Amino acid sequence: MLFFSSELLLPVELKKIVFRSPQIDTIGHFIGFFILAWLIHSLIKLTLVETLITLSFYGALSELGQYYLGFRNGEFSDFFADIAGISSFILLKLLYLAYKKTYIKQVNKKNSSTFTRPD
């Protein structure tokens, strides 16, 4: 992903700042696990708790595996970014569900007050 992003028509100075920054990796982990949580929950239909547990283990095992590879680094900051991405998706999903529930109640209340049953 970073390879294709670096091919964008950005000024050289901006490319040096963005693509040499270690935070770009952490941001990538956050965004990647946010999207992964969304896909797992939506496509495989795991519950939010199952999604959290499954992807937490996946993130931990991924970082542990990278720690033992000679050419990669397993980092706690990446694992915490993974957990933050998963948690952010779950939080947004719960807020959406609460909003949807409240909205449906309001619509049903409005419809029931305007509709009178014939006797």
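Residues numbered from 1 in each chain as written. Predicted model: local features only at pLDDT ≥ 70, side-chain atom pairs only at ≥ 80, totals over all residues. Heavy atoms only, no water.

**Q** Please explain the nonpolar core as it appears in this structure.
**A** In globular proteins that are soluble, nonpolar side chains generally tend to be buried together. If you look at the biggest cluster of nonpolar residues, it comprises 8 residues: Phe 33, Ala 37, Ile 40, Leu 48, Leu 55, Ile 86, Phe 89 and Ile 90. Contributing elements (two or more residues each) for this core: helix H3 (23-44), helix H4 (48-68) and helix H5 (76-114). When sequence neighbours within four positions are dropped, the list of residues in contact with Phe 33 reads Leu 55, Tyr 58, Gly 59, Asp 82, Gly 85 and Ile 86. (Core = buried A, V, L, I, M, F, W, Y, C linked by side-chain atoms within 4.5 Å. Buried < 20%, exposed > 50% of the residue type's maximum accessible area, 1.4 Å probe, protein only. Helix = DSSP H or I, 4+ residues; strand = E, 2+ residues; numbered from the N terminus. Contact = heavy atoms within 4.5 Å.)

**Q** What am I meant to see in the packing of aromatic side chains here?
**A** To describe a pair of aromatic rings, one takes the distance between the centres and the angle between the planes. Taken as a whole, this structure holds 6 aromatic pairs when the rule is applied. Between Tyr 99 and Tyr 103, the ring centres sit 6.3 Å apart and the planes meet at 20°, which makes this aromatic pair stacked. You can see Tyr 99 and its partner Tyr 103 sitting in helix H5, 4 residues apart, about one turn around the helix. Under the relative-accessibility criterion, Tyr 103 is labelled partly exposed at 46%. Of the aromatic side chains, those joined through ring pairs into one cluster are Phe 76, Phe 79 and Phe 80. (Phe/Tyr/Trp six-rings, centres within 6.5 Å; stacked < 30°, edge-to-face > 60°.)

**Q** I would appreciate a short explanation of the packing of H3 against H4 in the present structure.
**A** Axis angle and axis distance: for two packed helices, these are the angle between their axes and the distance between the axes, and together they describe the pair. Where H3 contacts H4, the two axes come as close as 10 Å, and the packing angle between them is 140°. Here H3 lies oblique to H4, going by the angle between them. Both H3 and H4 take part in a crossing whose hand is right-handed. Contacts from His 29, Phe 33, Leu 36, Ala 37, Ile 40 and His 41 in H3 reach Leu 48, Thr 51, Leu 55, Tyr 58, Gly 59 and Glu 63 in H4. Looking at the contact of H3 with H4, its residues break down into 7 nonpolar, 4 polar and 1 charged. (Axes fitted to C-alpha atoms, helices over the stretch in contact; angles between N-to-C directions. Parallel < 35°, antiparallel > 145°, perpendicular 65-115°, else oblique. Left-handed = near helix turned anticlockwise from the far one by under 90°. Nonpolar A, V, L, I, M, F, W, Y, C, P; charged D, E, K, R; others polar.)

**Q** Would you mind going over H4 with me for this structure?
**A** Residues three or four positions apart in an α-helix share a direction because the helix packs 3.6 residues into each turn. Counted at 1.5 Å a residue, the expected span for H4 with its 21 residues is 30 Å, and the 30 Å between its end C-alpha atoms agrees. For H4, every residue scored as buried is listed here: Leu 48, Thr 51, Leu 55, Ser 56, Gly 59, Glu 63 and Gln 66. In an axial view of H4, the angular spread of the buried residues amounts to 120°, which keeps them on one side of the axis. Summarising the geometry of H4, the exposed residues directed more than 90 degrees from the buried face are Val 49, Phe 57, Leu 61 and Tyr 68. (Expected span 1.5 Å × (residues − 1). Arc of directions from axis to C-beta.)

**Q** Got a minute to help me understand H3 in this structure?
**A** Helix length check: H3, at 22 residues, gives a terminal C-alpha distance of 31 Å against a target of 32 Å (1.5 Å per residue), a fit within 8%. Within the sequence span of H3, burial applies to His 29, Phe 33, Ala 37, Ile 40 and His 41. Taken around the axis of H3, the buried residues stretch over an arc of 90°, which confines them to a single face. Positive backbone phi, at 65°, marks Lys 45, one or two positions downstream of H3.

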